[in-house]
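Take a look at the letters that make up each chain.
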Amino acid sequence: MTTLRHGDRSQAVRILQKNLNDHGAGLVVDGDYGDSTEAAVRAYQLKVGLVADGVVGEKTLASLAGGDCQPLLKNEDLVQAAQTLDVPLASVYAVNEVESKGKGFLANGKPVILFERHIMYRQLATPRHEGDNPDELKRHADQLAAANPAIVNPKSGGYAGGTAEHQRLSHARLIDDTAALESASWGAFQIMGFHWKRLGYVSVQALVEDMSAGESQQFAAFVRFIQTDPVLHKALKGRKWAEFAKLYNGPDYQRNLYDIKLQRAYERHAECGCGQAVAA
């Protein structure tokens, strides 16, 4: 599905404008996604409780078609995050737009995940309890890797995508439930399970339960992830987008232009006046 945003001109925009008019927008149906269309999109998103970022993706289109918005990320979640992080709302809109995978759940209702076999290997080889023998743990991890290279492996890879990632995870959980759950990234913001203690959960199982409850919970975990990393939080507050992208996305952030996307998204949200609010 094509995402529609400011500057687009197409038949899809004309259809969008007609749908918005059915909800009282009063737009000229010209296929031009200009200021008035973006304002109408934000107004509709606010009315139904969606993130009011002016971008029309799967969630907004589904809502226009009569879909249920209840399990989806809410605009009030972003407003609260701006207050919690003490940053402009436009910054939160930008980070959500660029760093989110777009949705936190698959069509079957399970949370979006990506299972990392190299993290599974690391977790199995890492001592957890007093008296654990590192050499024995590594030997055991090597044995498991030899028998199950798609699930336990010193090297990353083997991704299947979509629902198949849950199949990989299920196989890994038969080996070690905790290590397996710690070795997957969860939800729209792909928070790694092994961060459970840092994020204030009593166990990785509690994190998974929260990630499975709704996109608001997934976003709250993402906010805590930023909060608990002073350097990352400082970069966001200073709108140092290259530094933020490098810290969150890794050294290859430039390849995907994450810093440029963040900067442009921030400017767009700030300029429209919709993301100017700053926490008191």
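Residues numbered from 1 in each chain as written. Predicted model: local features only at pLDDT ≥ 70, side-chain atom pairs only at ≥ 80, totals over all residues. Heavy atoms only, no water.

S.K.: So what exactly am I meant to see when it comes to the pattern of salt bridges here?
M.R.: Charged atoms that come close allow side chains of opposite charge to pair. Under the counting rule described, the total for this entry stands at 13 salt bridges. E97 serves as the salt-bridge partner of R5, at 3.0 Å between the closest nitrogen and oxygen. Taken together, the positions of R5 in the segment before α1 (11-22) and E97 in helix α5 (residues 89-99) put the pair 92 residues apart, joining distant regions of the chain. A salt bridge links R42 to E38, with the shortest nitrogen-to-oxygen separation between them at 2.9 Å. Of the two residues, R42 and E38 are both situated in helix α2 (residues 35-48); the distance of 4 residues between them amounts to about one turn of the helix. Across the pair, E38 and R42 agree in class, each one buried. (Salt bridge = Lys/Arg side-chain N within 4 Å of Asp/Glu carboxyl O. Helix = DSSP H or I, 4+ residues; strand = E, 2+ residues; numbered from the N terminus. Buried < 20%, exposed > 50% of the residue type's maximum accessible area, 1.4 Å probe, protein only.)

S.K.: What is the right way to look at the nonpolar core in this model?
M.R.: Soluble, globular proteins show a tendency: their nonpolar side chains are buried together. Formed by 62 residues in total, the largest nonpolar core has its most connected members in W186, F219 and F244. A per-element tally of this core places α5 first, with 7 residues. When residues no more than four places from it in sequence are discounted, the contact partners of F219 are L73, D77, L78, A81, V92, N96 and F189. Within the second largest apolar cluster, 11 residues are counted, among which are L4, Y33, A40 and Y44. (Core = buried A, V, L, I, M, F, W, Y, C linked by side-chain atoms within 4.5 Å. Contact = heavy atoms within 4.5 Å.)

S.K.: Sorry, what's going on with the confidence of the model for the chain here?
M.R.: Reading fine detail from the predicted coordinates is not recommended where pLDDT is low. When pLDDT is averaged across the chain, the result is 93; 97% of the residues are at 70 or more. For the stretch residues 276-280, pLDDT sits under 50, and the model shows 10 contacts to residues farther than four places along the chain or on other chains. (pLDDT = per-residue confidence, 0-100.)

S.K.: Before we go on, may I ask you to explain the packing of aromatic side chains in this structure?
M.R.: Each aromatic ring pair is described using two quantities: the centre-to-centre distance and the angle formed by the ring planes. By the definition in use, this model includes 7 aromatic pairs. Aromatic side chains F189 and F222 sit 4.2 Å apart centroid to centroid with 10 degrees between the ring planes, which places their arrangement in the stacked category. Here F222 lies in helix α11 (residues 215-227) and F189 lies in the loop between β2 (184-186) and β3 (191-192), a separation of 33 residues in the sequence. Relative to Y266, the ring of W241 lies with its centre 5.9 Å away and its plane at 45 degrees, an arrangement referred to as tilted. Here W241, found in helix α13 (residues 241-249), pairs with Y266, found in helix α14 (residues 258-271); they are 25 residues apart in sequence, far enough to count as distant. Of the two residues examined, W241 and Y266, each falls in the buried class. Three or more aromatic residues joined by ring pairs make a cluster, and in this case those are F189, F219, F222, F225, F244 and Y248. Between R122 and the ring centre of F194, over which it is positioned, the NZ or CZ distance is 4.6 Å. Across the ring face of F225, the terminal group of R198 is positioned such that the distance to the ring centre comes to 4.0 Å. (Phe/Tyr/Trp six-rings, centres within 6.5 Å; stacked < 30°, edge-to-face > 60°. Lys NZ or Arg CZ within 6 Å of the ring centre and 35° of its normal.)

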